[in-house]
Amino acid sequence: MLQLIKTWLMRYVFDPELAIVWLFLLFIVLVFSFLGKILAPVFVSIVLAYLLQWPIGALEKLRVPRPAAVLGVYICSLGALILGIVGLLPLLFRQLSNLLAELPNLAARGQAILLYLPTRYPDYIAEQQIQELILQSKSGLTHLGQQIFSTSLLYIPNLIAFTIYFVLVPLLVYFFLADQKKILVWFTRYLPAKRRLISQIWKEAYAQTGNYVRGKALEMLIVWVVTYLAFTVLGLQYAMLLSVLVGASVIIPYIGAVMVTIPVVIVDFLQWGWTAHFAYLIAIYTIIITLDANLLVPFLFSEAVDLHPVTIIIAVLIFGGVLGFWGVFFAIPLASVIKAILNAVSYKETSV
(Lines give C-alpha, C1' and ligand atoms only; values in the text may rest on other atoms or scores of the structure.)
Protein backbone atom coordinates (compact mmCIF):
# COMPACT_ATOMS: atom_id res chain seq x y z
CA MET A 1 0.00 0.00 0.00
CA LEU A 2 2.77 2.43 0.91
CA GLN A 3 4.60 1.56 -2.29
CA LEU A 4 1.42 2.26 -4.28
CA ILE A 5 1.01 5.68 -2.64
CA LYS A 6 4.68 6.47 -3.23
CA THR A 7 4.36 5.52 -6.91
CA TRP A 8 1.25 7.69 -7.30
CA LEU A 9 2.94 10.69 -5.64
CA MET A 10 6.05 10.33 -7.79
CA ARG A 11 3.93 10.14 -10.94
CA TYR A 12 1.36 12.89 -10.29
CA VAL A 13 2.94 15.23 -7.72
CA PHE A 14 6.71 15.03 -7.52
CA ASP A 15 7.38 14.78 -11.22
CA PRO A 16 9.64 17.83 -11.84
CA GLU A 17 7.42 19.38 -14.51
CA LEU A 18 4.16 18.59 -12.72
CA ALA A 19 5.52 19.88 -9.42
CA ILE A 20 6.12 23.29 -11.02
CA VAL A 21 2.58 23.32 -12.42
CA TRP A 22 1.02 22.44 -9.05
CA LEU A 23 3.16 25.06 -7.30
CA PHE A 24 2.08 27.64 -9.86
CA LEU A 25 -1.59 26.80 -9.26
CA LEU A 26 -1.03 27.03 -5.50
CA PHE A 27 0.64 30.41 -6.02
CA ILE A 28 -2.37 31.64 -8.03
CA VAL A 29 -4.79 30.51 -5.30
CA LEU A 30 -2.73 32.24 -2.59
CA VAL A 31 -2.51 35.46 -4.62
CA PHE A 32 -6.28 35.47 -5.20
CA SER A 33 -6.95 34.69 -1.53
CA PHE A 34 -4.69 37.25 0.13
CA LEU A 35 -4.18 39.93 -2.54
CA GLY A 36 -7.45 39.69 -4.48
CA LYS A 37 -8.76 43.13 -3.51
CA ILE A 38 -5.40 44.86 -3.91
CA LEU A 39 -4.70 43.34 -7.32
CA ALA A 40 -8.28 43.68 -8.59
CA PRO A 41 -7.22 46.22 -11.31
CA VAL A 42 -4.60 43.74 -12.55
CA PHE A 43 -7.13 40.89 -12.77
CA VAL A 44 -9.66 43.12 -14.57
CA SER A 45 -6.93 44.21 -16.99
CA ILE A 46 -5.96 40.60 -17.72
CA VAL A 47 -9.58 39.72 -18.47
CA LEU A 48 -9.97 42.73 -20.78
CA ALA A 49 -6.66 41.94 -22.50
CA TYR A 50 -7.90 38.40 -23.15
CA LEU A 51 -11.10 39.90 -24.53
CA LEU A 52 -9.33 42.28 -26.89
CA GLN A 53 -6.83 39.71 -28.11
CA TRP A 54 -9.40 38.27 -30.53
CA PRO A 55 -9.93 41.42 -32.68
CA ILE A 56 -6.19 42.12 -32.56
CA GLY A 57 -5.47 38.60 -33.82
CA ALA A 58 -8.07 39.04 -36.56
CA LEU A 59 -6.38 42.26 -37.72
CA GLU A 60 -2.97 40.58 -37.66
CA LYS A 61 -4.32 37.86 -39.97
CA LEU A 62 -5.21 40.69 -42.37
CA ARG A 63 -1.51 41.68 -42.25
CA VAL A 64 -2.04 44.74 -40.08
CA PRO A 65 1.13 45.35 -37.99
CA ARG A 66 0.61 44.39 -34.35
CA PRO A 67 1.38 47.89 -32.93
CA ALA A 68 -1.22 49.44 -35.25
CA ALA A 69 -3.73 46.67 -34.47
CA VAL A 70 -3.21 47.06 -30.71
CA LEU A 71 -3.55 50.85 -30.88
CA GLY A 72 -6.65 50.76 -33.08
CA VAL A 73 -8.49 48.13 -31.03
CA TYR A 74 -7.46 49.84 -27.80
CA ILE A 75 -8.76 53.26 -28.87
CA CYS A 76 -12.05 51.81 -30.15
CA SER A 77 -12.63 49.77 -26.99
CA LEU A 78 -11.76 52.73 -24.75
CA GLY A 79 -14.21 54.92 -26.66
CA ALA A 80 -16.93 52.26 -26.36
CA LEU A 81 -16.26 51.98 -22.61
CA ILE A 82 -16.56 55.75 -22.12
CA LEU A 83 -19.79 55.86 -24.13
CA GLY A 84 -21.17 52.97 -22.09
CA ILE A 85 -20.32 54.64 -18.81
CA VAL A 86 -21.74 58.00 -19.89
CA GLY A 87 -24.89 56.51 -21.42
CA LEU A 88 -25.64 53.45 -19.28
CA LEU A 89 -24.57 54.21 -15.71
CA PRO A 90 -26.81 57.29 -15.23
CA LEU A 91 -29.81 55.29 -16.48
CA LEU A 92 -29.02 52.41 -14.11
CA PHE A 93 -28.60 54.73 -11.14
CA ARG A 94 -31.83 56.52 -12.01
CA GLN A 95 -33.81 53.29 -12.25
CA LEU A 96 -32.26 52.00 -9.03
CA SER A 97 -33.14 55.24 -7.22
CA ASN A 98 -36.70 55.09 -8.57
CA LEU A 99 -37.01 51.47 -7.46
CA LEU A 100 -35.84 52.29 -3.93
CA ALA A 101 -38.18 55.29 -3.76
CA GLU A 102 -41.06 53.16 -5.05
CA LEU A 103 -40.51 50.32 -2.56
CA PRO A 104 -43.24 51.51 -0.10
CA ASN A 105 -45.83 51.75 -2.90
CA LEU A 106 -44.75 48.39 -4.31
CA ALA A 107 -45.01 46.87 -0.84
CA ALA A 108 -48.53 48.29 -0.41
CA ARG A 109 -49.55 46.92 -3.82
CA GLY A 110 -48.10 43.52 -2.96
CA GLN A 111 -49.91 43.59 0.40
CA ALA A 112 -53.25 44.22 -1.34
CA ILE A 113 -52.61 41.34 -3.73
CA LEU A 114 -51.71 38.99 -0.89
CA LEU A 115 -54.75 39.98 1.17
CA TYR A 116 -56.93 39.07 -1.80
CA LEU A 117 -55.72 35.47 -1.76
CA PRO A 118 -57.57 34.32 1.43
CA THR A 119 -60.88 35.53 0.01
CA ARG A 120 -60.22 33.74 -3.29
CA TYR A 121 -58.79 30.54 -1.82
CA PRO A 122 -60.09 30.30 1.78
CA ASP A 123 -59.58 26.55 1.97
CA TYR A 124 -55.86 26.79 1.21
CA ILE A 125 -54.67 30.13 2.62
CA ALA A 126 -55.62 31.69 5.96
CA GLU A 127 -55.67 35.46 6.51
CA GLN A 128 -53.49 35.07 9.61
CA GLN A 129 -50.77 33.45 7.51
CA ILE A 130 -50.87 36.36 5.07
CA GLN A 131 -50.65 38.88 7.94
CA GLU A 132 -47.58 37.12 9.33
CA LEU A 133 -46.02 37.05 5.86
CA ILE A 134 -46.66 40.80 5.46
CA LEU A 135 -45.06 41.57 8.83
CA GLN A 136 -42.01 39.51 7.90
CA SER A 137 -41.80 41.24 4.52
CA LYS A 138 -41.96 44.70 6.13
CA SER A 139 -39.20 43.75 8.56
CA GLY A 140 -37.12 42.42 5.68
CA LEU A 141 -37.63 45.60 3.61
CA THR A 142 -36.62 47.77 6.57
CA HIS A 143 -33.48 45.72 7.10
CA LEU A 144 -32.72 45.86 3.37
CA GLY A 145 -33.09 49.65 3.32
CA GLN A 146 -30.73 49.98 6.30
CA GLN A 147 -28.21 47.71 4.60
CA ILE A 148 -28.34 49.69 1.35
CA PHE A 149 -27.89 52.97 3.23
CA SER A 150 -24.97 51.71 5.34
CA THR A 151 -23.34 50.09 2.30
CA SER A 152 -23.61 53.32 0.32
CA LEU A 153 -21.88 55.20 3.15
CA LEU A 154 -19.12 52.62 3.27
CA TYR A 155 -18.49 52.94 -0.46
CA ILE A 156 -18.09 56.74 -0.40
CA PRO A 157 -14.38 56.56 0.63
CA ASN A 158 -13.82 54.06 -2.19
CA LEU A 159 -14.71 56.64 -4.83
CA ILE A 160 -11.08 57.78 -4.83
CA ALA A 161 -9.92 54.17 -5.26
CA PHE A 162 -12.43 53.71 -8.08
CA THR A 163 -11.03 56.79 -9.81
CA ILE A 164 -7.51 55.39 -9.48
CA TYR A 165 -8.65 52.05 -10.89
CA PHE A 166 -10.36 53.84 -13.77
CA VAL A 167 -6.95 55.28 -14.68
CA LEU A 168 -4.87 52.17 -13.93
CA VAL A 169 -6.95 49.57 -15.76
CA PRO A 170 -6.72 51.16 -19.25
CA LEU A 171 -2.97 51.62 -18.81
CA LEU A 172 -2.47 48.02 -17.68
CA VAL A 173 -4.61 46.70 -20.54
CA TYR A 174 -2.51 48.60 -23.07
CA PHE A 175 0.79 47.34 -21.63
CA PHE A 176 -0.49 43.75 -21.46
CA LEU A 177 -1.46 43.95 -25.14
CA ALA A 178 1.56 45.88 -26.41
CA ASP A 179 4.20 43.96 -24.43
CA GLN A 180 2.60 40.51 -24.46
CA LYS A 181 5.64 38.81 -26.01
CA LYS A 182 8.07 40.54 -23.64
CA ILE A 183 6.01 39.46 -20.63
CA LEU A 184 5.88 35.84 -21.85
CA VAL A 185 9.64 35.82 -22.55
CA TRP A 186 10.32 37.17 -19.06
CA PHE A 187 8.03 34.55 -17.53
CA THR A 188 9.62 31.62 -19.41
CA ARG A 189 13.06 32.53 -18.08
CA TYR A 190 12.05 31.09 -14.72
CA LEU A 191 10.80 27.79 -16.14
CA PRO A 192 13.03 24.70 -16.42
CA ALA A 193 14.72 23.92 -19.73
CA LYS A 194 12.74 20.69 -19.99
CA ARG A 195 9.19 21.95 -20.22
CA ARG A 196 7.34 19.96 -22.88
CA LEU A 197 4.56 19.07 -20.44
CA ILE A 198 4.33 22.63 -19.14
CA SER A 199 4.13 24.01 -22.69
CA GLN A 200 1.35 21.57 -23.56
CA ILE A 201 -0.65 22.53 -20.47
CA TRP A 202 -0.02 26.25 -21.05
CA LYS A 203 -1.19 26.16 -24.68
CA GLU A 204 -4.39 24.29 -23.80
CA ALA A 205 -5.13 26.45 -20.74
CA TYR A 206 -4.33 29.72 -22.57
CA ALA A 207 -6.59 28.85 -25.51
CA GLN A 208 -9.46 27.67 -23.30
CA THR A 209 -9.23 30.68 -20.98
CA GLY A 210 -9.21 33.12 -23.89
CA ASN A 211 -12.16 31.40 -25.55
CA TYR A 212 -14.01 31.32 -22.23
CA VAL A 213 -13.52 35.04 -21.50
CA ARG A 214 -14.59 36.06 -25.00
CA GLY A 215 -17.52 33.64 -24.98
CA LYS A 216 -18.67 34.84 -21.57
CA ALA A 217 -18.54 38.49 -22.70
CA LEU A 218 -20.60 37.65 -25.81
CA GLU A 219 -23.07 35.66 -23.74
CA MET A 220 -23.52 38.55 -21.28
CA LEU A 221 -24.06 41.02 -24.13
CA ILE A 222 -26.55 38.83 -26.02
CA VAL A 223 -28.56 37.88 -22.91
CA TRP A 224 -28.65 41.51 -21.76
CA VAL A 225 -29.83 42.90 -25.13
CA VAL A 226 -32.45 40.18 -25.73
CA THR A 227 -33.79 40.45 -22.18
CA TYR A 228 -33.94 44.25 -22.36
CA LEU A 229 -35.88 44.14 -25.64
CA ALA A 230 -38.31 41.58 -24.23
CA PHE A 231 -38.86 43.51 -20.99
CA THR A 232 -39.28 46.80 -22.87
CA VAL A 233 -41.80 45.39 -25.37
CA LEU A 234 -43.85 43.90 -22.52
CA GLY A 235 -43.68 47.19 -20.58
CA LEU A 236 -41.90 45.90 -17.48
CA GLN A 237 -40.73 48.64 -15.11
CA TYR A 238 -36.98 49.01 -14.55
CA ALA A 239 -36.31 47.03 -17.74
CA MET A 240 -32.72 48.24 -18.11
CA LEU A 241 -31.79 47.57 -14.48
CA LEU A 242 -33.30 44.07 -14.47
CA SER A 243 -31.87 43.16 -17.88
CA VAL A 244 -28.38 44.19 -16.76
CA LEU A 245 -28.80 41.94 -13.71
CA VAL A 246 -29.90 39.08 -15.95
CA GLY A 247 -26.92 39.63 -18.27
CA ALA A 248 -24.48 39.79 -15.34
CA SER A 249 -25.97 36.64 -13.81
CA VAL A 250 -24.38 34.47 -16.50
CA ILE A 251 -21.03 35.01 -14.75
CA ILE A 252 -22.20 32.41 -12.21
CA PRO A 253 -23.24 29.32 -14.21
CA TYR A 254 -26.66 27.91 -13.29
CA ILE A 255 -26.72 29.51 -9.83
CA GLY A 256 -26.80 33.09 -11.17
CA ALA A 257 -29.91 32.44 -13.27
CA VAL A 258 -31.77 31.20 -10.19
CA MET A 259 -30.71 34.18 -8.07
CA VAL A 260 -31.66 36.88 -10.60
CA THR A 261 -35.05 35.28 -11.26
CA ILE A 262 -36.22 36.39 -7.79
CA PRO A 263 -36.16 40.20 -8.42
CA VAL A 264 -37.60 39.71 -11.93
CA VAL A 265 -40.57 37.73 -10.58
CA ILE A 266 -41.11 40.17 -7.68
CA VAL A 267 -41.18 43.28 -9.91
CA ASP A 268 -43.35 41.47 -12.45
CA PHE A 269 -45.80 40.34 -9.76
CA LEU A 270 -46.01 43.72 -8.03
CA GLN A 271 -46.60 45.49 -11.34
CA TRP A 272 -49.30 43.22 -12.78
CA GLY A 273 -50.36 40.81 -10.04
CA TRP A 274 -51.97 37.50 -10.99
CA THR A 275 -52.77 38.52 -14.57
CA ALA A 276 -52.08 37.16 -18.02
CA HIS A 277 -49.41 39.84 -18.46
CA PHE A 278 -47.52 38.38 -15.49
CA ALA A 279 -47.69 34.90 -17.07
CA TYR A 280 -46.54 36.20 -20.48
CA LEU A 281 -43.42 37.83 -19.05
CA ILE A 282 -42.51 34.78 -16.95
CA ALA A 283 -42.98 32.54 -20.00
CA ILE A 284 -40.77 34.72 -22.23
CA TYR A 285 -38.14 35.10 -19.51
CA THR A 286 -38.11 31.31 -19.06
CA ILE A 287 -37.64 30.85 -22.81
CA ILE A 288 -34.70 33.28 -22.79
CA ILE A 289 -32.80 31.58 -19.98
CA THR A 290 -33.62 28.14 -21.40
CA LEU A 291 -32.27 29.07 -24.84
CA ASP A 292 -29.21 30.59 -23.19
CA ALA A 293 -28.44 27.39 -21.27
CA ASN A 294 -29.27 24.90 -24.02
CA LEU A 295 -28.42 26.73 -27.25
CA LEU A 296 -26.22 29.80 -26.72
CA VAL A 297 -23.83 28.34 -24.13
CA PRO A 298 -23.06 25.14 -26.10
CA PHE A 299 -22.53 27.23 -29.25
CA LEU A 300 -20.18 29.76 -27.60
CA PHE A 301 -18.25 27.36 -25.38
CA SER A 302 -18.14 24.17 -27.44
CA GLU A 303 -14.36 24.52 -27.86
CA ALA A 304 -13.61 26.35 -24.62
CA VAL A 305 -15.37 24.24 -21.99
CA ASP A 306 -15.75 20.48 -22.11
CA LEU A 307 -16.87 19.99 -18.52
CA HIS A 308 -19.90 18.26 -17.07
CA PRO A 309 -22.48 20.62 -15.44
CA VAL A 310 -21.90 18.91 -12.08
CA THR A 311 -18.17 19.61 -12.39
CA ILE A 312 -18.90 23.27 -13.22
CA ILE A 313 -21.19 23.70 -10.20
CA ILE A 314 -18.65 22.05 -7.86
CA ALA A 315 -15.88 24.26 -9.29
CA VAL A 316 -18.00 27.40 -8.75
CA LEU A 317 -18.76 26.40 -5.16
CA ILE A 318 -15.15 25.48 -4.30
CA PHE A 319 -13.28 28.30 -6.03
CA GLY A 320 -16.00 30.84 -5.17
CA GLY A 321 -15.86 29.85 -1.50
CA VAL A 322 -12.06 30.05 -1.42
CA LEU A 323 -11.39 33.01 -3.72
CA GLY A 324 -14.63 35.01 -3.65
CA PHE A 325 -15.81 36.83 -6.78
CA TRP A 326 -12.70 36.07 -8.81
CA GLY A 327 -13.00 32.41 -7.88
CA VAL A 328 -16.54 32.41 -9.27
CA PHE A 329 -15.50 34.19 -12.47
CA PHE A 330 -12.43 32.00 -13.07
CA ALA A 331 -13.96 28.76 -11.75
CA ILE A 332 -14.39 27.24 -15.21
CA PRO A 333 -10.91 28.28 -16.49
CA LEU A 334 -9.29 26.92 -13.31
CA ALA A 335 -11.22 23.66 -13.64
CA SER A 336 -10.16 23.54 -17.30
CA VAL A 337 -6.51 24.01 -16.26
CA ILE A 338 -6.78 21.09 -13.83
CA LYS A 339 -8.35 19.01 -16.58
CA ALA A 340 -5.54 20.02 -18.94
CA ILE A 341 -3.01 18.85 -16.35
CA LEU A 342 -4.74 15.48 -16.01
CA ASN A 343 -4.94 15.15 -19.81
CA ALA A 344 -1.24 15.94 -20.12
CA VAL A 345 -0.37 13.35 -17.47
CA SER A 346 -2.49 10.73 -19.22
CA TYR A 347 -0.85 11.56 -22.55
CA LYS A 348 2.57 11.32 -20.96
CA GLU A 349 1.79 7.89 -19.55
CA THR A 350 0.44 6.52 -22.83
CA SER A 351 3.39 7.86 -24.79
CA VAL A 352 5.93 6.25 -22.49
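Definitions and cut-offs
- Residues numbered from 1 in each chain as written.
- Predicted model: local features only at pLDDT ≥ 70, side-chain atom pairs only at ≥ 80, totals over all residues.
- Heavy atoms only, no water.
- Helix = DSSP H or I, 4+ residues; strand = E, 2+ residues; numbered from the N terminus.
- Buried < 20%, exposed > 50% of the residue type's maximum accessible area, 1.4 Å probe, protein only.
- Contact = heavy atoms within 4.5 Å.
- Areas by Shrake-Rupley, 256 points an atom, 1.4 Å probe, with all protein chains shown as cover.
- Expected span 1.5 Å × (residues − 1).
- Arc of directions from axis to C-beta.
- Core = buried A, V, L, I, M, F, W, Y, C linked by side-chain atoms within 4.5 Å.
- pLDDT = per-residue confidence, 0-100.
- Axes fitted to C-alpha atoms, helices over the stretch in contact; angles between N-to-C directions.
- Parallel < 35°, antiparallel > 145°, perpendicular 65-115°, else oblique.
- Left-handed = near helix turned anticlockwise from the far one by under 90°.
- Nonpolar A, V, L, I, M, F, W, Y, C, P; charged D, E, K, R; others polar.

Re the overall build of the chain
Then step 1. Each helix and strand in the chain was counted, giving 14 helices and 0 strands.
Then step 2. The linear arrangement of helices and strands in the chain, starting from the amino end, is α-α-α-α-α-α-α-α-α-α-α-α-α-α.
Then step 3. Scored against the burial criterion, the 352 residues of the chain give a buried share of 32%.
Then step 4. When contacts within the chain are restricted to residue pairs at least 6 apart in sequence, long-range pairs at least 24 apart make up 70% of them.
Then step 5. Summed over all atoms, the accessible surface of the chain reaches about 21,800 Å², with 74% contributed by carbon and sulfur.

What about helix H12 (residues 309-323)?
Then step 1. Between its first and last C-alpha atoms H12 spans 20 Å; for 15 residues at 1.5 Å apiece the expected length is 21 Å, and the two agree.
Then step 2. The complete set of buried residues in H12 reads Ile 312, Ala 315, Val 316, Phe 319, Gly 320 and Leu 323. Mapping the buried residues of H12 onto a view down its axis gives an arc of 110°, with all of them on the same face. Opposite the packed face of H12, turned more than 90 degrees from it, sit the exposed residues Leu 317 and Gly 321.
Then step 3. Just downstream of H12, Gly 324 is the residue with a positive phi angle, here 75°.

Description of the nonpolar core
Side chains that are nonpolar tend, in soluble globular proteins, to be buried together.
Then step 1. Grouped together as the largest cluster of nonpolar side chains are 24 residues, with contacts concentrated most on Phe 231, Leu 236, Leu 242, Val 246, Val 264, Leu 281 and Tyr 285.
Then step 2. Listed by contribution, the elements that provide at least two residues to this core are helix H4 (66-120), helix H8 (196-234), helix H9 (239-249), helix H10 (255-272) and helix H11 (276-301).
Then step 3. No other element matches the 6 residues that H10 contributes to this core.
Then step 4. Leave out the neighbours within four places in its chain, and Phe 231 touches Leu 236, Ala 239, Leu 242, Ser 243, Val 264, Leu 281 and Tyr 285.

Some details on the confidence of the model for the chain
Then step 1. When pLDDT is averaged along the chain, the result is 76; 72% of the residues meet or exceed 70.
Then step 2. When pLDDT is averaged over each element of the chain, H9 comes out on top at 90 and helix H5 (residues 127-155) at the bottom at 56.
Then step 3. Scored below 50 in pLDDT, residues 151-157 makes 0 contacts in the model with residues more than four places away or belonging to other chains.

A word on the packing of H9 against H10
Then step 1. Here H9 crosses H10 at 165°, and the two axes come no closer than 8 Å. Comparing the axis directions of H9 and H10 gives the class roughly antiparallel. Here the hand of the crossing between H9 and H10 comes out left-handed. Contact with H9, carried on its side by Leu 242, Leu 245, Val 246 and Ser 249, involves Gly 256, Ala 257, Val 260, Pro 263, Val 264 and Val 267 of H10 and no other residues of that element.
Then step 2. Tallied by class, the residues present in the contact of H9 with H10 amount to 8 nonpolar, 2 polar and no charged.

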